[in-house]
Amino acid sequence: MNIFLKSALLLIVVAFLGECIEFLINMILARELGEEGLGLYMSILPTILFIVVIASLELPISISKFVAEKDVIFHRSMLMHALRFAILCTVVFSVVALWLLPIIPVFDRYHPLVPWLFILLIPIISFSSVARGYFMGAQRMGKIAFANFLRRAGQLVLLIVLFMLTSFEAEVALLVALTTLIASEFLVLSYLFIAFLIQMRILKRRPRAALSGSKVRKSLLEVSIPTTGLRIFHAATFAVKPFFIKETLVRAGMVDSIAMVQYGKMAGVAFTIGFFPAFIAHSLLIVLIPTVSEAYSKGNIARLRSLLRRVMLVTVCYGIPAVVIFYFFAEPLTSLFFENSPAIRYLQLLVPYFLFHFFVIPMQAYLIGLGLVRDAFLHALYSTVFSFVTMYFLGSMPALQMDGIILGMNMGAVLLTLLHYVTICNKIGVTLLLTKK
């Protein structure tokens, strides 16, 4: 438990610095790209996330779970097989992307080089995923924390330098912004892979045992495939959501260009502010996956119960004060991006959405560690269908428009949180009040 708390605290502190940088990045993007450019930038981010999920094949989670559960003598053999598997995935995904990305209609409004940037992202993510998974499973959270910080800091420096040196036309400015994002991922790869190679040399000098490639691939894929399916579903719905929301608003009577601008303000301003405290939830997620996996593999149910209570307490302690601040200080917070913006109202209405997602993120890690990825996927499916239906029904009403969209999102977040929570409590034998059954 002491290692868990120290690792979580380290990640939370560094993630806080990273979120501060992310806040500055979005402020720069808002001022350099303008309202429409920011809308286009935020609309393409879900597509980037989708590519990242495919390219990583959730190896960070499956490798970290393997490393946490298995003896150290098996680690080097497993990692060698994981590297070969990552090479194979990179080749296959790159070939598919070379054929598919240039013909996807979503890129029609972007610079012709944007699809090629995304193709370049595939090998970067694949190889960094192997290193990231090992350090997560081995509880080397210092390296994970620095890598996460390096990504944000690298992008901020590149944005400041490039936009200070020269001015760009709207289309080129958007390309430059996306290029800095890809370049920051390359910085992370460089750091993690160098550290990974050093660790591989250390493992080579220690006692080790060989594993068959088929056994390693089977162990990794047993976790990777369902987890990737879950992430693909999340990424696909996230990628579709901007265009779904835009079409729903158009159906309610809003002009197409205005609908895109409104989504950009919700995603680029309200989401940026509202998800700021989520760095704590994501830090807990990174630490929880190997910790829960190890405890569950050893049958340590008492530790699992204690962990859940601590996670819920931490989430309450930061989540409730955060959303109270968002609600009562929405105007000064959103004015950091745009003056007199409708994002003020969006931020206030989205308070339940943010709060319940602070609980969902660590609970998803719990479900993965307990081997309940299928349940997590079904919960996401049910809540997403429910959310999209209510978003369409309420958002297409001329009297509600974006307010209806946000109400649908809130209801979906509540349903997902309850499904996750009840399943975890039943699995580890606690009541909904976290007392032992």
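Residues numbered from 1 in each chain as written. Predicted model: local features only at pLDDT ≥ 70, side-chain atom pairs only at ≥ 80, totals over all residues. Heavy atoms only, no water.

Considerations on the overall build of the chain
Worth spelling out the cut-off: To qualify as a helix, a DSSP run of H or I must reach at least 4 residues; to qualify as a strand, a run of E must reach at least 2; elements of each kind are numbered from the N terminus. We take the radius of gyration over the C-alpha atoms and set the globule estimate at 2.2 Å times the residue count to the 0.38 power. Three labels apply to residues, based on accessible area from a 1.4 Å probe with only protein chains included: buried if under 20% of the type maximum, exposed if over 50%, partly exposed otherwise in between. Here the accessible surface of atoms and residues is derived via Shrake-Rupley with a 1.4 Å probe, and residues count as covered only by protein chains that are part of the display.
Summing up its helical and strand segments, the chain has 15 helices and zero strands in all. Computed over its C-alpha atoms, the radius of gyration of the chain comes to 22 Å, within 12% of the 22 Å expected for a compact globule of 437 residues. Projected onto its principal axes, the C-alpha coordinates of the chain cover approximately 65 × 55 × 35 Å. The burial tally for the chain puts 56% of its 437 residues in the buried class. Carbon and sulfur atoms make up 70% of the accessible area of the chain, which totals about 18,700 Å².

Some details on the side chain of Thr-272
Test applied: Polar contact criterion, stated in full: a pair of N or O atoms within 3.5 Å, where within protein one must be able to donate a hydrogen and the other to accept it, and residues adjacent in sequence count only if both atoms are side-chain atoms. Should any heavy atoms of two residues lie within 4.5 Å, those residues are counted as being in contact.
Turning to its location among the elements, Thr-272 is positioned in helix α8 (residues 256–274). Note on Thr-272: relative accessible area 11%, which makes it buried. Separated by 3.0 Å, the side chains of Thr-272 and Asn-26 make a polar contact. Apart from the residues within four sequence positions on either side, Thr-272 is in contact with Phe-23, Asn-26, Ala-267 and Phe-337.

Section: the confidence of the model for the chain
Quick reminder of the rule: Confidence scores per residue from the predictor, reported as pLDDT, run from 0 to 100.
Of all residues in the chain, 99% have pLDDT values of 70 or greater, and the mean over the chain is 87. Ranking the helices and strands of the chain by mean pLDDT puts helix α15 (residues 402–428) first, with 95, and helix α7 (residues 213–251) last, with 82.

Details of the packing of aromatic side chains
To keep things clear, this is the line we draw: Ring pairs shown here join Phe, Tyr and Trp side chains whose ring centres sit within 6.5 Å, with only the six-membered ring taken for Trp; geometry is labelled stacked below 30 degrees between planes, edge-to-face above 60, and tilted in between. Lysine NZ or arginine CZ positioned within 6 Å of the ring centre and within 35 degrees of the ring normal marks a charge as sitting over the ring.
Evaluation of the coordinates by the stated rule reveals 21 aromatic pairs. Members of the aromatic cluster, each reached through a chain of ring pairs, are Phe-127, Tyr-134, Phe-135, Phe-193 and Phe-196. Looking at Lys-70, its charged tip hangs above the ring of Phe-66, at a distance of 5.9 Å from the centre.

Thoughts on the pattern of salt bridges
Where side chains of opposite charge bring their charged atoms close, a pairing between them can arise. As a reminder, the rule being used: Salt bridge, as used here: a side-chain nitrogen of Lys or Arg that lies within 4 Å of a carboxyl oxygen of Asp or Glu.
The final tally for this structure, using the stated rule, is nine salt bridges. Glu-22 serves as the salt-bridge partner of Arg-152, at 3.4 Å between the closest nitrogen and oxygen. Placement of Arg-152 in helix α5 (residues 141–165) and of Glu-22 in helix α1 (residues 2–56) is noted, with a sequence separation of 130 residues between them. Look at Glu-22 and you get partly exposed, because its relative accessible area is 22%.

Regarding the nonpolar core
The criterion, for reference: We call a set of buried residues a nonpolar core when its members are Ala, Val, Leu, Ile, Met, Phe, Trp, Tyr or Cys and they connect through side-chain atoms within 4.5 Å of each other.
If you look at the biggest cluster of nonpolar residues, it comprises 151 residues, and the most contacted ones within it are Met-78 and Met-266. Sort the elements by how many residues they give to this core and α1 lands first, with 22 residues. Here Met-78 is in contact with Ile-63, Phe-66, Val-67, Leu-211, Val-216 and Leu-220, once residues within four sequence places are set aside.

What about the packing of helix α13 (residues 351–369) against α15?
In a pair of packed helices, the angle between the axes and the distance between the axes together describe the arrangement. Keep this limit in mind: Angles shown run from 0 to 180 degrees and are taken between the N-to-C directions of axes, each axis being a line fitted to C-alpha atoms and, for helices, limited to the stretch in contact. Any angle from 65 to 115 degrees is called roughly perpendicular, while one under 35 is roughly parallel, one over 145 is roughly antiparallel, and all others are oblique. Left-handed is the label given to a crossing in which the near helix is rotated counterclockwise from the far helix by less than a right angle, and right-handed is the label when the rotation is clockwise. Residue type decides the class: Asp, Glu, Lys and Arg count as charged, Ala, Val, Leu, Ile, Met, Phe, Trp, Tyr, Cys and Pro as nonpolar, and the leftover types, Gly among them, as polar.
For the pair α13 and α15, the least separation of the axes is 9 Å and the interaxial angle reads 30°. On the basis of the axis angle, α13 is roughly parallel to α15. Here α13 runs over α15; the crossing is left-handed. Seen from α13, the contacting residues are Pro-352, Tyr-353, Phe-356, His-357, Phe-359, Val-360, Met-363, Gln-364, Tyr-366 and Leu-367; seen from α15, they are Met-409, Asn-410, Ala-413, Val-414, Leu-416, Thr-417, His-420, Tyr-421, Thr-423 and Ile-424. Grouping the amino acids of the contact of α13 with α15 by side-chain chemistry returns 14 nonpolar, six polar and no charged.

Description of the environment of Ile-301
Position of Ile-301 among the secondary structure elements: in helix α10 (residues 301–328). Take Ile-301: its relative accessible area is 28%, and that puts it in the partly exposed class. Along the chain, Ile-301 and Ala-177 lie 124 residues apart, while their C-alpha atoms are 47 Å from each other.

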